[in-house]
Amino acid sequence: MADLSVKMAGMDFRSCIFNAAGPKDVTLKELETIGASRSAAITMKSCTKEPRQGNEEPRYYALDMGSINSMGLPNLGYKEYVKFPSLLKSFGKPVIASVSGLCLEDNIQILEAFNDSEVSAIELNLSCPNIKGKPQIGYDFAQMDEVLKEALRISKKPMGVKLPPYFDFIHFEEASGILKRRKPAFVSCINSIGNALVIDAEKEAPVIKPKGGFGGLGGAYIKYTALANVRKFYEMIEMPIIGVGGISSGKDAFEFILAGASAVQIGTAFMEEGPMIFGRVHDELASFMARKGYTRLDDFRGRLKQA
Ligand code: YRO
(Lines give C-alpha, C1' and ligand atoms only; values in the text may rest on other atoms or scores of the structure.)
Protein backbone atom coordinates (compact mmCIF):
# COMPACT_ATOMS: atom_id res chain seq x y z
CA MET A 1 0.00 0.00 0.00
CA ALA A 2 1.21 3.48 -0.83
CA ASP A 3 2.87 5.53 1.87
CA LEU A 4 1.23 8.97 1.84
CA SER A 5 2.99 10.25 4.96
CA VAL A 6 4.77 13.61 4.97
CA LYS A 7 7.29 15.30 7.22
CA MET A 8 7.04 19.05 6.94
CA ALA A 9 7.85 22.09 9.05
CA GLY A 10 8.97 19.86 11.92
CA MET A 11 5.72 17.90 11.94
CA ASP A 12 4.80 14.32 11.06
CA PHE A 13 1.64 13.87 9.05
CA ARG A 14 0.25 10.37 8.52
CA SER A 15 -0.96 11.53 5.11
CA CYS A 16 -0.74 14.57 2.87
CA ILE A 17 -4.48 15.31 3.11
CA PHE A 18 -6.17 17.49 5.71
CA ASN A 19 -8.74 20.22 6.17
CA ALA A 20 -8.30 23.83 5.08
CA ALA A 21 -8.81 26.73 7.45
CA GLY A 22 -12.39 27.97 7.19
CA PRO A 23 -15.06 25.34 6.81
CA LYS A 24 -16.50 23.54 9.86
CA ASP A 25 -13.53 24.21 12.11
CA VAL A 26 -14.81 26.93 14.43
CA THR A 27 -16.01 25.00 17.51
CA LEU A 28 -14.31 22.33 19.61
CA LYS A 29 -17.03 19.88 18.52
CA GLU A 30 -16.30 20.54 14.85
CA LEU A 31 -12.56 20.18 15.47
CA GLU A 32 -13.15 16.86 17.25
CA THR A 33 -15.04 15.65 14.18
CA ILE A 34 -12.00 16.49 12.06
CA GLY A 35 -9.81 14.79 14.66
CA ALA A 36 -11.89 11.61 14.46
CA SER A 37 -11.82 11.65 10.64
CA ARG A 38 -8.96 10.58 8.38
CA SER A 39 -7.80 14.19 8.02
CA ALA A 40 -4.04 14.08 8.69
CA ALA A 41 -4.15 17.27 10.74
CA ILE A 42 -6.67 19.50 12.46
CA THR A 43 -6.62 23.00 11.00
CA MET A 44 -8.62 25.54 12.99
CA LYS A 45 -10.67 28.52 11.78
CA SER A 46 -8.80 31.80 11.45
CA CYS A 47 -8.97 33.58 14.76
CA THR A 48 -9.05 37.19 15.81
CA LYS A 49 -8.40 38.90 19.13
CA GLU A 50 -12.08 39.16 20.04
CA PRO A 51 -14.79 36.59 19.34
CA ARG A 52 -16.82 37.45 16.23
CA GLN A 53 -20.29 36.50 15.03
CA GLY A 54 -19.26 37.18 11.44
CA ASN A 55 -21.45 38.64 8.71
CA GLU A 56 -25.21 38.36 8.27
CA GLU A 57 -26.65 35.25 6.58
CA PRO A 58 -26.82 33.92 3.95
CA ARG A 59 -23.03 34.23 3.86
CA TYR A 60 -22.07 30.93 2.21
CA TYR A 61 -23.60 29.47 -0.94
CA ALA A 62 -22.78 26.17 -2.60
CA LEU A 63 -22.62 26.20 -6.39
CA ASP A 64 -22.39 23.41 -9.00
CA MET A 65 -18.61 23.46 -8.91
CA GLY A 66 -17.67 25.31 -5.76
CA SER A 67 -18.80 27.97 -3.37
CA ILE A 68 -18.90 31.66 -2.60
CA ASN A 69 -18.54 33.01 0.92
CA SER A 70 -18.38 36.20 2.87
CA MET A 71 -18.29 34.71 6.36
CA GLY A 72 -16.57 37.71 7.92
CA LEU A 73 -14.31 35.69 10.20
CA PRO A 74 -16.82 34.16 12.62
CA ASN A 75 -14.67 32.64 15.38
CA LEU A 76 -14.51 32.18 19.13
CA GLY A 77 -11.54 34.52 19.66
CA TYR A 78 -7.93 33.36 19.98
CA LYS A 79 -8.14 32.54 23.70
CA GLU A 80 -10.31 29.51 22.90
CA TYR A 81 -8.04 28.29 20.07
CA VAL A 82 -5.02 28.55 22.36
CA LYS A 83 -6.72 26.02 24.66
CA PHE A 84 -7.98 23.61 21.99
CA PRO A 85 -4.69 21.89 20.95
CA SER A 86 -4.27 20.24 24.36
CA LEU A 87 -7.94 19.15 24.27
CA LEU A 88 -7.38 17.60 20.82
CA LYS A 89 -4.22 15.72 21.80
CA SER A 90 -5.86 12.29 21.90
CA PHE A 91 -6.29 12.36 18.12
CA GLY A 92 -2.50 12.21 17.77
CA LYS A 93 -2.25 14.55 14.80
CA PRO A 94 -0.84 18.04 14.29
CA VAL A 95 -3.13 20.90 15.23
CA ILE A 96 -2.64 24.00 13.09
CA ALA A 97 -3.91 27.39 14.21
CA SER A 98 -4.89 29.95 11.60
CA VAL A 99 -4.18 33.48 12.76
CA SER A 100 -5.99 36.42 11.21
CA GLY A 101 -5.63 39.41 13.49
CA LEU A 102 -7.15 42.64 12.19
CA CYS A 103 -3.90 44.56 12.60
CA LEU A 104 -0.23 43.81 13.32
CA GLU A 105 -0.61 44.45 17.05
CA ASP A 106 -3.43 41.91 17.25
CA ASN A 107 -1.39 39.36 15.31
CA ILE A 108 1.54 39.82 17.69
CA GLN A 109 -0.66 39.38 20.77
CA ILE A 110 -2.25 36.25 19.29
CA LEU A 111 1.08 34.73 18.23
CA GLU A 112 2.53 35.33 21.70
CA ALA A 113 -0.41 33.49 23.23
CA PHE A 114 0.10 30.51 20.90
CA ASN A 115 3.78 30.35 21.91
CA ASP A 116 2.60 29.01 25.27
CA SER A 117 0.12 26.54 23.75
CA GLU A 118 0.47 23.00 22.48
CA VAL A 119 -0.35 24.03 18.92
CA SER A 120 1.84 22.28 16.32
CA ALA A 121 2.08 25.16 13.86
CA ILE A 122 0.61 28.47 12.84
CA GLU A 123 -0.76 29.44 9.46
CA LEU A 124 -0.79 33.23 9.24
CA ASN A 125 -3.68 34.35 7.03
CA LEU A 126 -2.43 37.15 4.79
CA SER A 127 -5.86 37.65 3.17
CA CYS A 128 -6.60 40.03 5.90
CA PRO A 129 -6.93 43.74 6.33
CA ASN A 130 -4.13 45.34 8.32
CA ILE A 131 -4.33 49.05 7.65
CA LYS A 132 -7.69 50.56 6.63
CA GLY A 133 -7.78 51.79 3.05
CA LYS A 134 -4.94 49.48 1.97
CA PRO A 135 -5.23 46.16 0.15
CA GLN A 136 -5.20 42.90 2.11
CA ILE A 137 -1.68 42.11 3.37
CA GLY A 138 -1.02 39.53 0.65
CA TYR A 139 -1.63 42.12 -2.06
CA ASP A 140 0.54 44.84 -0.51
CA PHE A 141 4.13 43.68 -0.62
CA ALA A 142 5.53 46.36 1.69
CA GLN A 143 2.99 45.37 4.37
CA MET A 144 3.58 41.69 3.68
CA ASP A 145 7.29 42.05 4.30
CA GLU A 146 6.74 43.99 7.52
CA VAL A 147 4.03 41.70 8.91
CA LEU A 148 6.06 38.58 8.10
CA LYS A 149 9.19 40.02 9.64
CA GLU A 150 7.43 40.88 12.90
CA ALA A 151 5.30 37.73 13.05
CA LEU A 152 8.28 35.44 12.50
CA ARG A 153 10.26 37.33 15.11
CA ILE A 154 7.50 36.73 17.68
CA SER A 155 6.39 33.19 16.96
CA LYS A 156 8.26 30.25 18.48
CA LYS A 157 6.07 27.78 16.57
CA PRO A 158 6.65 26.66 12.99
CA MET A 159 4.86 29.47 11.18
CA GLY A 160 3.68 29.38 7.60
CA VAL A 161 1.66 31.80 5.53
CA LYS A 162 -1.66 31.41 3.75
CA LEU A 163 -1.48 33.37 0.54
CA PRO A 164 -4.15 34.84 -1.69
CA PRO A 165 -4.02 33.86 -5.37
CA TYR A 166 -1.68 35.80 -7.64
CA PHE A 167 -2.29 36.24 -11.34
CA ASP A 168 0.70 38.20 -12.59
CA PHE A 169 4.20 36.75 -12.82
CA ILE A 170 5.67 39.97 -11.42
CA HIS A 171 3.57 39.47 -8.31
CA PHE A 172 4.95 35.95 -7.91
CA GLU A 173 8.44 37.40 -8.11
CA GLU A 174 7.70 40.03 -5.48
CA ALA A 175 6.04 37.55 -3.14
CA SER A 176 8.84 35.02 -3.67
CA GLY A 177 11.47 37.62 -2.84
CA ILE A 178 9.77 38.30 0.50
CA LEU A 179 9.33 34.60 1.28
CA LYS A 180 13.00 33.88 0.51
CA ARG A 181 14.06 36.71 2.81
CA ARG A 182 11.67 35.98 5.70
CA LYS A 183 11.65 32.18 5.44
CA PRO A 184 8.29 31.05 6.83
CA ALA A 185 8.12 27.32 7.63
CA PHE A 186 5.66 26.67 4.79
CA VAL A 187 3.38 28.37 2.30
CA SER A 188 -0.29 27.48 1.81
CA CYS A 189 -1.82 28.60 -1.44
CA ILE A 190 -4.43 29.60 -2.30
CA ASN A 191 -7.11 31.35 -0.28
CA SER A 192 -10.43 31.89 -2.09
CA ILE A 193 -10.40 34.11 -5.18
CA GLY A 194 -11.61 37.37 -3.73
CA ASN A 195 -14.70 39.37 -4.50
CA ALA A 196 -16.54 37.19 -6.96
CA LEU A 197 -20.25 37.87 -7.51
CA VAL A 198 -22.81 35.09 -7.95
CA ILE A 199 -26.26 36.20 -9.09
CA ASP A 200 -29.55 34.34 -8.82
CA ALA A 201 -31.26 35.33 -12.06
CA GLU A 202 -34.77 34.36 -10.87
CA LYS A 203 -34.48 36.46 -7.75
CA GLU A 204 -32.45 39.12 -9.60
CA ALA A 205 -30.23 39.27 -6.51
CA PRO A 206 -26.87 38.01 -5.30
CA VAL A 207 -26.88 34.61 -3.55
CA ILE A 208 -25.16 35.92 -0.42
CA LYS A 209 -26.12 38.95 1.62
CA PRO A 210 -22.95 40.65 2.94
CA LYS A 211 -20.95 43.17 0.92
CA GLY A 212 -23.59 43.53 -1.81
CA GLY A 213 -23.05 39.89 -2.73
CA PHE A 214 -19.27 39.98 -3.24
CA GLY A 215 -17.41 37.04 -1.72
CA GLY A 216 -14.51 34.61 -2.01
CA LEU A 217 -14.84 31.95 -4.69
CA GLY A 218 -13.76 28.43 -3.75
CA GLY A 219 -13.94 24.87 -5.02
CA ALA A 220 -13.45 23.45 -8.50
CA TYR A 221 -13.79 26.90 -10.12
CA ILE A 222 -10.43 27.87 -8.64
CA LYS A 223 -8.46 24.64 -9.06
CA TYR A 224 -6.43 25.78 -12.06
CA THR A 225 -5.53 29.08 -10.42
CA ALA A 226 -4.48 27.16 -7.30
CA LEU A 227 -2.36 24.73 -9.34
CA ALA A 228 -0.66 27.64 -11.09
CA ASN A 229 0.15 29.28 -7.75
CA VAL A 230 1.56 26.06 -6.32
CA ARG A 231 3.66 25.47 -9.41
CA LYS A 232 5.01 29.03 -9.60
CA PHE A 233 6.05 29.04 -5.95
CA TYR A 234 7.53 25.56 -6.31
CA GLU A 235 9.69 26.91 -9.14
CA MET A 236 10.68 30.03 -7.26
CA ILE A 237 11.12 29.13 -3.58
CA GLU A 238 12.50 26.22 -1.61
CA MET A 239 10.00 25.57 1.12
CA PRO A 240 7.11 23.18 1.66
CA ILE A 241 3.96 24.21 -0.18
CA ILE A 242 0.48 23.20 0.92
CA GLY A 243 -1.90 23.23 -2.04
CA VAL A 244 -5.49 24.29 -1.49
CA GLY A 245 -8.25 25.21 -3.92
CA GLY A 246 -10.65 22.83 -5.63
CA ILE A 247 -9.42 19.49 -4.33
CA SER A 248 -12.16 16.89 -4.08
CA SER A 249 -10.62 13.70 -5.50
CA GLY A 250 -7.44 11.67 -5.39
CA LYS A 251 -6.68 12.78 -8.93
CA ASP A 252 -6.93 16.43 -7.85
CA ALA A 253 -4.52 15.74 -4.99
CA PHE A 254 -2.16 13.96 -7.40
CA GLU A 255 -2.13 17.00 -9.71
CA PHE A 256 -1.23 19.33 -6.83
CA ILE A 257 1.62 17.10 -5.68
CA LEU A 258 2.87 16.80 -9.26
CA ALA A 259 2.87 20.61 -9.38
CA GLY A 260 5.03 20.61 -6.24
CA ALA A 261 2.75 20.52 -3.22
CA SER A 262 3.96 18.67 -0.12
CA ALA A 263 0.39 18.33 1.14
CA VAL A 264 -3.12 19.42 0.24
CA GLN A 265 -5.96 20.96 2.20
CA ILE A 266 -9.64 20.53 1.45
CA GLY A 267 -12.09 23.40 1.97
CA THR A 268 -15.31 23.60 -0.05
CA ALA A 269 -15.48 19.84 -0.70
CA PHE A 270 -15.24 19.15 3.06
CA MET A 271 -18.01 21.69 3.62
CA GLU A 272 -20.21 19.91 1.08
CA GLU A 273 -19.31 16.26 1.63
CA GLY A 274 -18.39 16.16 5.30
CA PRO A 275 -15.54 14.36 7.08
CA MET A 276 -15.69 11.18 4.96
CA ILE A 277 -13.97 13.14 2.21
CA PHE A 278 -10.54 12.79 3.81
CA GLY A 279 -10.52 8.99 3.67
CA ARG A 280 -12.06 8.97 0.21
CA VAL A 281 -9.44 11.32 -1.26
CA HIS A 282 -6.70 9.37 0.56
CA ASP A 283 -7.83 6.04 -0.89
CA GLU A 284 -8.32 7.49 -4.36
CA LEU A 285 -4.83 8.99 -4.30
CA ALA A 286 -3.35 5.69 -3.12
CA SER A 287 -5.10 3.83 -5.99
CA PHE A 288 -4.06 6.44 -8.53
CA MET A 289 -0.45 6.12 -7.38
CA ALA A 290 -0.59 2.31 -7.42
CA ARG A 291 -1.81 2.35 -11.02
CA LYS A 292 1.17 4.58 -11.89
CA GLY A 293 3.62 2.43 -9.96
CA TYR A 294 4.38 5.09 -7.36
CA THR A 295 4.78 4.03 -3.73
CA ARG A 296 5.50 7.36 -2.08
CA LEU A 297 4.89 11.05 -2.72
CA ASP A 298 8.57 11.76 -3.37
CA ASP A 299 8.33 9.54 -6.46
CA PHE A 300 6.44 12.27 -8.32
CA ARG A 301 6.33 15.46 -6.22
CA GLY A 302 7.11 18.45 -8.43
CA ARG A 303 7.89 16.24 -11.40
CA LEU A 304 5.51 17.90 -13.81
CA LYS A 305 6.61 17.14 -17.37
CA GLN A 306 6.60 19.41 -20.38
CA ALA A 307 3.47 19.41 -22.55
O1 YRO B 1 -14.97 35.39 5.35
C2 YRO B 1 -14.10 34.72 5.91
O3 YRO B 1 -14.13 34.42 7.13
C4 YRO B 1 -12.99 34.26 5.06
N5 YRO B 1 -13.35 33.60 3.92
C6 YRO B 1 -12.40 33.14 3.03
O7 YRO B 1 -12.74 32.55 1.97
N8 YRO B 1 -11.09 33.34 3.31
C9 YRO B 1 -10.67 33.99 4.44
O10 YRO B 1 -9.47 34.14 4.62
C11 YRO B 1 -11.66 34.49 5.36
C12 YRO B 1 -11.22 35.23 6.59
C13 YRO B 1 -10.54 36.55 6.31
C14 YRO B 1 -11.37 37.67 5.70
C15 YRO B 1 -11.62 37.39 4.23
C16 YRO B 1 -12.74 37.87 6.39
C17 YRO B 1 -10.60 38.96 5.81
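**Q** Could you clarify how one ought to interpret the overall build of the chain in this entry?
**A** From N to C terminus, the chain includes 9 helices and 16 strands. Relative to a compact globule of 307 residues, whose C-alpha radius of gyration would be 19 Å, the chain shows 18 Å and is just as compact. Along the three orthogonal principal directions, the C-alpha set of the chain runs to about 50 × 50 × 45 Å. Across the 307 residues that make up the chain, the buried fraction comes to 56%. Partitioning the intrachain contacts of the chain with sequence separation of at least 6 by distance along the chain shows that 71% fall at a separation of at least 24. Split by element, the accessible area of the chain, about 13,700 Å² in all, is 52% carbon and sulfur.

**Q** I would appreciate a short explanation of the packing of aromatic side chains in the present structure.
**A** Aromatic ring pairs are reported here in terms of the distance separating the ring centres and the angle at which the planes meet. Within the structure shown, the criterion is met by 13 aromatic pairs. Ring plane angle 35 degrees and centroid distance 5.9 Å describe the contact between F141 and Y166, whose orientation is recorded as tilted. Note that F141 is positioned in helix α4 (residues 141-154) and Y166 in the loop between β9 (159-163) and α5 (169-182), a separation of 25 residues in sequence. Take F141 and Y166: they sit in the same class, and that class is buried. A ring pair is formed by F169 and F172, whose centres lie 6.3 Å apart and whose planes are at 55 degrees; its orientation type is tilted. Of the two residues, F169 and F172 both sit in helix α5, 3 residues apart, roughly one turn of that helix. Taken together, the aromatic side chains of Y139, F141, Y166, F169, F172 and F233 make up a single cluster linked through ring pairs. Here the basic side chain of K24 rests over the ring of F270, its NZ or CZ set 5.6 Å away from the ring centre. Over the face of the ring belonging to F169 we find K232, whose NZ or CZ atom lies 4.3 Å from the ring centre.

**Q** Looking at this structure, how should I read the site of the ligand?
**A** Around the ligand, a shell composed of K45, N69, S70, M71, G72, L73, N125, S127, P129, N191 and S192 is seen. In the environment of the ligand, an oxygen atom lies 2.9 Å from a nitrogen or oxygen atom belonging to the side chain of N125. A total of 390 Å² of accessible area belongs to the ligand in isolation, and the protein chains cover 77% of it. A class-by-class count of the residues in the shell around the ligand yields 3 nonpolar, 7 polar and 1 charged.

**Q** Would you mind going over the sheet that holds strand β15 (residues 241-244) with me for this structure?
**A** Across a sheet, paired strands are connected by hydrogen bonds in the backbone, their directions being either parallel or antiparallel. The parallel open sheet is built from 8 strands, whose spatial order is β3-β16-β15-β10-β9-β8-β7-β4. The two strands at the open ends of the sheet, each matched to only one other strand, are β3 (17-19) and β4 (42-43). Judged from the 2 bridges that link them, β4 and strand β7 (residues 95-99) form a sheet pairing that is parallel. Bridge assignment links I42 to a residue of β7, and that residue is V95. Helix α9 (residues 276-292) rests against β3 and β16 (263-266) of the sheet, and its axis sits at about 160 degrees to β3.

**Q** Would you mind going over the packing of helix α7 (residues 250-259) against α9 with me for this structure?
**A** Helices that pack against each other are described as a pair by the angle of their axes relative to one another and the distance between those axes. Close contact between α7 and α9 brings their axes to 7 Å; oriented N to C, the two are set at 65 degrees. The angle between the axes of α7 and α9 places the two elements in the roughly perpendicular class. Relative to α9, the crossing made by α7 is right-handed. Seen from α7, the contacting residues are G250, K251, A253, F254 and I257; seen from α9, they are V281, E284, L285, F288, M289 and K292. Classifying every residue of the contact of α7 with α9 gives 7 nonpolar, 1 polar and 3 charged.

The rules behind the values
Residues numbered from 1 in each chain as written. Predicted model: local features only at pLDDT ≥ 70, side-chain atom pairs only at ≥ 80, totals over all residues. Heavy atoms only, no water. Helix = DSSP H or I, 4+ residues; strand = E, 2+ residues; numbered from the N terminus. Rg over C-alpha atoms; globule rule 2.2 N^0.38 Å. Buried < 20%, exposed > 50% of the residue type's maximum accessible area, 1.4 Å probe, protein only. Contact = heavy atoms within 4.5 Å. Areas by Shrake-Rupley, 256 points an atom, 1.4 Å probe, with all protein chains shown as cover. Phe/Tyr/Trp six-rings, centres within 6.5 Å; stacked < 30°, edge-to-face > 60°. Lys NZ or Arg CZ within 6 Å of the ring centre and 35° of its normal. Near = heavy atom within 4 Å. Polar contact = N/O pair within 3.5 Å; in protein donor to acceptor, adjacent residues only side chain to side chain. Nonpolar A, V, L, I, M, F, W, Y, C, P; charged D, E, K, R; others polar. Pairing = 2+ DSSP bridges. Axes fitted to C-alpha atoms, helices over the stretch in contact; angles between N-to-C directions. Parallel < 35°, antiparallel > 145°, perpendicular 65-115°, else oblique. Left-handed = near helix turned anticlockwise from the far one by under 90°.

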